[in-house]
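Below are the chains, spelled out letter by letter.
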Amino acid sequence: MFNNSKFTKPTWLSISWLGLMLFLAVFGSLLPFKSWKFVYEDDLGVVPFSPGHILGTDNNGYDLLASLIAGTRMSIFIAVTAVSLGGLIGSALGITAAFVRGKVDTVMSTLFNVGLAVPNLVLALALVSVLATNVDINQSVPTWRRVMVLIVSLTIVLIPILGRIARGATLSWSGRDFVTAARSMGMRDRQIIMKHIVPNVLPALIAVAFLAVGVVIIAEASLSILGVGIPDGASWGGMIARGRNDLEYSPHVLYIPVIFLAITVISTNQIGEVLRSKLDSREAKV
Amino acid sequence: MSKFNFWLQRAAQVIIVLLIVTFGASLLLRLIPVDLATILIPNGSESEREILRNEIGLNKGPIGYYLQWLGDFVQGDLGKIYFSGGTETVSDHLAKAMPRSLLLMAYTQVFALSVAIPLGVISAYRAGRRTDRIISNILFVMASIPGFAIALILIIVVGVKLAWLPTLGYATYSEGIWEHFKHMLMPVLSLSFGLIATYTRLLRADMIASLREDYVTMAMSKGLSDRRILWKHVFRPSSITLFTSAALSMGGLIGGAIVIESIFATYGVGFEIFAAIAGRQYISLQSCVAVISLFYVFFNLVVDIGSGFVDPRTRDRRANV
């Protein structure tokens, strides 16, 4: 399914953009920039494309390019970790439930339905706000704990979504003849799952995982705008939240992270859609 | 299985799901490593906290606390907002906020559908041609831009630069219908962008499939006009999918509305949740989450039953699963 000969131009653009984002996320700290927390006291609210500040600075004197690189690392890290964890746990539960059937499946489906009964963002919001509670209201929660809480909450939100997709895909595959054949040849359940079910279910999950990365990036930004995400502008959502404060005089502080976030989400959606349509055409041939 | 038994089973499932959701929410509150009474009234004295603990059953253990909360909830007592001395109840707040949120969602759905239906019909009619390709590409980008980004850009351009619309607040009908819609326009636009894209793509795909049906060829051979075939023979069966998915997108809409409501300060349910979190009024948060899930799950159930009545095929298909 991943033969790359038929990718169109927008798909290549999306792949390169995501590649660039991954590069910034992994190697951003090695680039020759000052820390994003460095305050340029003489350059407050500089517009983009100024000498020394390609993307300008905000009204506090933070360089926006440096902030963006730090934000990319945080947003991509949260999104990739949450989707991988949610995908692993969700698909393990979903595949097992659909393969074993019976009571296990009933319980698992009910639990998935419980997760899906609360709208995504409401669930994430409730989990994040409760898990990141401090005794003293004036004492701020350390950033690493906020990141952990965000990842855990978003993972919990993703498990039923991805789990249900894995369950549905497994149900349609486990009834096929080759599974019956493998079973009649005395293959163990675990082997059947690893050799026959997982390779068939995986492509669909990967396609959905790309879409999920976009969803998680937006969710993280939404939580930051609501004030329960990453504080101080260390992520794209945090930058957007901070940019809201000086909308009137330096709107570029808001535009730049919004544009980065939107292009990234467009790219993940494009790749997810392409993978899904390739999958559908493969399914049609079977 | 008889039809009645089938729906009875569905209703039982829904109730079990809701019980687990609400129990999970109250368990989550009890898992906080901090004393809940201290969080609810940070400036109160120890005796006041003790009264509060007795009042809401914090000293009863998780199951006792849940049962007391559930009993109160069923009787319409959703707890209080203790921040302001415990005089305001959550149900009063929600009674004020609910209609606003429901109006916002109703406007959003109506607006999104009234844009998406013509677009979907045109692009299905011109499938694969230039008009269709342009619409599809624009919609793909629209679907990917989050609502809050559109909201913030609208605020900069329409609210601040052009100063055409108010950027904050809400106006009731009694303050003038024109004022009301002026306050609602930007929130509705920001919420409906993504929905328009979803609905149009769905309608397009469904209508293209319907266009291949034999009865369409039959209608064409009878010499009916394209317009009549499109709307009467193709749009009508395809619209069921569209309206079902419109109803099912309510969950995402509620989530999106929290952010949009807090950006525009429209004081709806979403804003209520935001305020509960900001003021650490977790009892209010627990009740709001319960109300939203209740609303959402029953809405889905009604849609399920409704679409079964409108289109018997879906009913049979579901019954077989």
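Residues numbered from 1 in each chain as written. Chains lettered and ligands numbered in written order. Predicted model: local features only at pLDDT ≥ 70, side-chain atom pairs only at ≥ 80, totals over all residues. Heavy atoms only, no water.

Looking at the overall build of chain A
- Scanning chain A for helices and strands turns up nine helices and zero strands.
- Counting helices and strands in the order they occur from the N terminus, chain A gives α-α-α-α-α-α-α-α-α.
- Expressed as a percentage of its 286 residues, the buried residues of chain A come to 53%.
- Of the roughly 13500 Å² of accessible surface on chain A, 64% is carried by carbon and sulfur atoms. (Helix = DSSP H or I, 4+ residues; strand = E, 2+ residues; numbered from the N terminus. Buried < 20%, exposed > 50% of the residue type's maximum accessible area, 1.4 Å probe, protein only. Areas by Shrake-Rupley, 256 points an atom, 1.4 Å probe, with all protein chains shown as cover.)

Regarding the interface of chain A and chain B
- Facing 40 residues of chain A, the contacting portion of chain B comprises 42 residues.
- For the pair chain A and chain B, the two sides together bury roughly 3600 Å², of which 82% comes from carbon and sulfur.
- For B:Arg201, the salt bridge is made with A:Glu273, and the minimal N-O distance between the two is 3.4 Å.
- Remark: the boundary between chain A and chain B carries three residue pairs in polar contact (both at pLDDT 80 or more).
- Among the elements that make up the side of chain A that touches chain B, the one with the highest residue count is helix H9 (residues 252–285) of chain A (ten residues).
- Residue composition of the side of chain A that touches chain B, by class: 28 nonpolar, eight polar and four charged. (Contact = heavy atoms within 4.5 Å. Buried area = accessible area lost by both parts, 1.4 Å probe. Salt bridge = Lys/Arg side-chain N within 4 Å of Asp/Glu carboxyl O. Polar contact = N/O pair within 3.5 Å; in protein donor to acceptor, adjacent residues only side chain to side chain. Nonpolar A, V, L, I, M, F, W, Y, C, P; charged D, E, K, R; others polar.)

Here's the deal with the packing of helix H1 (residues 9–27) of chain A against helix H2 (residues 64–100) of chain A
All names here are of chain A.
- H2 packs onto H1 with a crossing angle of 100° between their chain directions and a minimal axis gap of 8 Å. The angle between H1 and H2 places the two elements in the roughly perpendicular class. Taken together, the residues of H2 that come into contact with H1 (itself represented by Met21, Leu22, Leu24 and Ala25) are Ile69, Thr72, Arg73 and Ile76.
- In terms of residue class, the contact of H1 with H2 is built from six nonpolar, one polar and one charged. (Axes fitted to C-alpha atoms, helices over the stretch in contact; angles between N-to-C directions. Parallel < 35°, antiparallel > 145°, perpendicular 65-115°, else oblique.)

Quick notes on the domain arrangement of chain B
Residues and elements named next belong to chain B.
- Considered domain by domain, chain B is made up of domain 1 (3–90) and domain 2 (93–312).
- Listed by partner, the interface residues are 25 residues for domain 1 and 20 residues for domain 2.
- Where domain 1 abuts domain 2, roughly 2200 Å² becomes buried across the two surfaces, and 72% of that area is made up of carbon and sulfur atoms.
- It is Trp7, Leu18 and Val90 that lose the most area in domain 1 upon contact with domain 2, and together they represent 24% of the buried surface on that side.
- In this structure, the connection of domain 1 to domain 2 is made through zero salt bridges.
- Broken down by element, the residue count for the side of domain 1 that touches domain 2 peaks at nine residues, all from helix H1 (residues 3–30). (Domains from an automatic or database assignment.)

Some details on the packing of aromatic side chains
Residues and elements named next belong to chain B.
- Inspection of every chain in the model, using the stated rule, returns twelve aromatic pairs over all chains.
- Geometrically, the ring pair formed by phenylalanine 23 and tyrosine 66 is edge-to-face, given 5.0 Å between the ring centres and 75° between the ring planes. Of this pair, phenylalanine 23 sits in helix H1 while tyrosine 66 is found in helix H4 (residues 62–74), placing the two residues 43 residues apart along the sequence.
- Phenylalanine 23 gets classed as partly exposed once you look at its relative accessible area, which sits at 28%.
- One aromatic cluster is present, formed by Phe23, Tyr66, Trp69 and Phe73 through successive ring pairs. (Phe/Tyr/Trp six-rings, centres within 6.5 Å; stacked < 30°, edge-to-face > 60°.)

Details of the pattern of salt bridges
- Tallied over the entire structure, the rule returns seven salt bridges over all chains.
- For A:Asp105, the salt bridge goes to A:Arg167, with nearest N and O atoms at 2.7 Å. Taken together, the residues A:Asp105 in helix H3 (residues 102–117) and A:Arg167 in helix H5 (residues 143–174) connect sequence positions 62 residues apart.
- We classify A:Asp105 as buried; its relative accessible area is 10%.
- B:Glu50 serves as the salt-bridge partner of B:Arg53, at 2.9 Å between the closest nitrogen and oxygen.

Side note on the side chain of A:Ser129
- Tracing the chain through its elements places A:Ser129 in helix H4 (residues 120–131).
- In this structure A:Ser129 comes out as buried when scored by relative accessible area, which is 7%.
- A polar contact is formed between the side chain of A:Ser129 and the backbone oxygen of A:Leu125, at a distance of 2.9 Å.
- With residues up to four places along the chain from it excluded, the contact list for A:Ser129 reads B:Ile277, B:Tyr282 and B:Leu285.

A few points about unusual backbone geometry
All names here are of chain B.
- Its identity is not glycine, yet tyrosine 267 carries a phi of approximately 55°, on the positive side.
- Residue classification places tyrosine 267 among the partly exposed residues on the basis of a relative accessible area of 44%.
- The phi dihedral of arginine 280 is positive, around 55°, even though this residue is not glycine.
- Mapping arginine 280 onto the fold places it in the loop between helix H12 (269–278) and helix H13 (282–310).

A few points about H4(A)
- The end-to-end C-alpha distance of H4(A) is 16 Å, a good match for the 16 Å that twelve residues give at a rise of 1.5 Å each.
- Where burial is concerned, most of H4(A) is hidden: ten out of the twelve residues are buried. (Expected span 1.5 Å × (residues − 1).)

Focus: the nonpolar core
- Ranked by internal contacts, the top residues of the largest apolar core, which has 155 residues, are B:Phe148, B:Ile263 and B:Ile273.
- It is helix H5 (residues 90–125) of chain B that contributes the most residues to this core, twelve residues altogether.
- In terms of domain composition, this core takes at least three residues from each of domain 1 (3–90) and domain 2 (93–312) of chain B.
- If near-sequence neighbours (up to four positions away) are discounted, B:Phe148 is found in contact with A:Ile218, A:Ala221, A:Ser222, A:Ile225, A:Ile240, A:Leu261, B:Val259, B:Ile260 and B:Ile263.
- Listed in part, the twelve residues of the second largest apolar core include A:Ile95, A:Trp173, A:Ile197 and A:Leu205. (Core = buried A, V, L, I, M, F, W, Y, C linked by side-chain atoms within 4.5 Å.)

A few points about H4(B)
Residue and element names in this part refer to chain B.
- Here H4 is 13 residues long and its end C-alpha atoms lie 18 Å apart, about the 18 Å a rise of 1.5 Å per residue gives.
- Here H4 has its buried residues at Tyr65, Tyr66, Gln68, Trp69 and Phe73. Looking down the long axis of H4, one finds its buried residues gathered within 165° of arc, a one-sided arrangement. Residues of H4 that are exposed and point more than 90 degrees away from the buried face comprise Ile63, Leu67 and Val74.
- After H4 finishes, the residue glycine 76 shows a positive phi value of roughly 90°. (Arc of directions from axis to C-beta.)

Quick look at the packing of helix H7 (residues 189–225) of chain A against helix H8 (residues 236–243) of chain A
Residue and element names in this part refer to chain A.
- Where H7 meets H8, the closest approach of the two axes is 7 Å, and the angle between their N-to-C directions is 35°. Of the two elements, H7 crosses H8, and the hand of that crossing is right-handed. Where H7 approaches H8, its residues Ile217, Glu220, Ala221, Ser224 and Ile225 are matched on the opposing element by Trp236, Gly237, Gly238, Ile240 and Ala241.
- Looking at the contact of H7 with H8 residue by residue, the classes come out as six nonpolar, three polar and one charged. (Left-handed = near helix turned anticlockwise from the far one by under 90°.)

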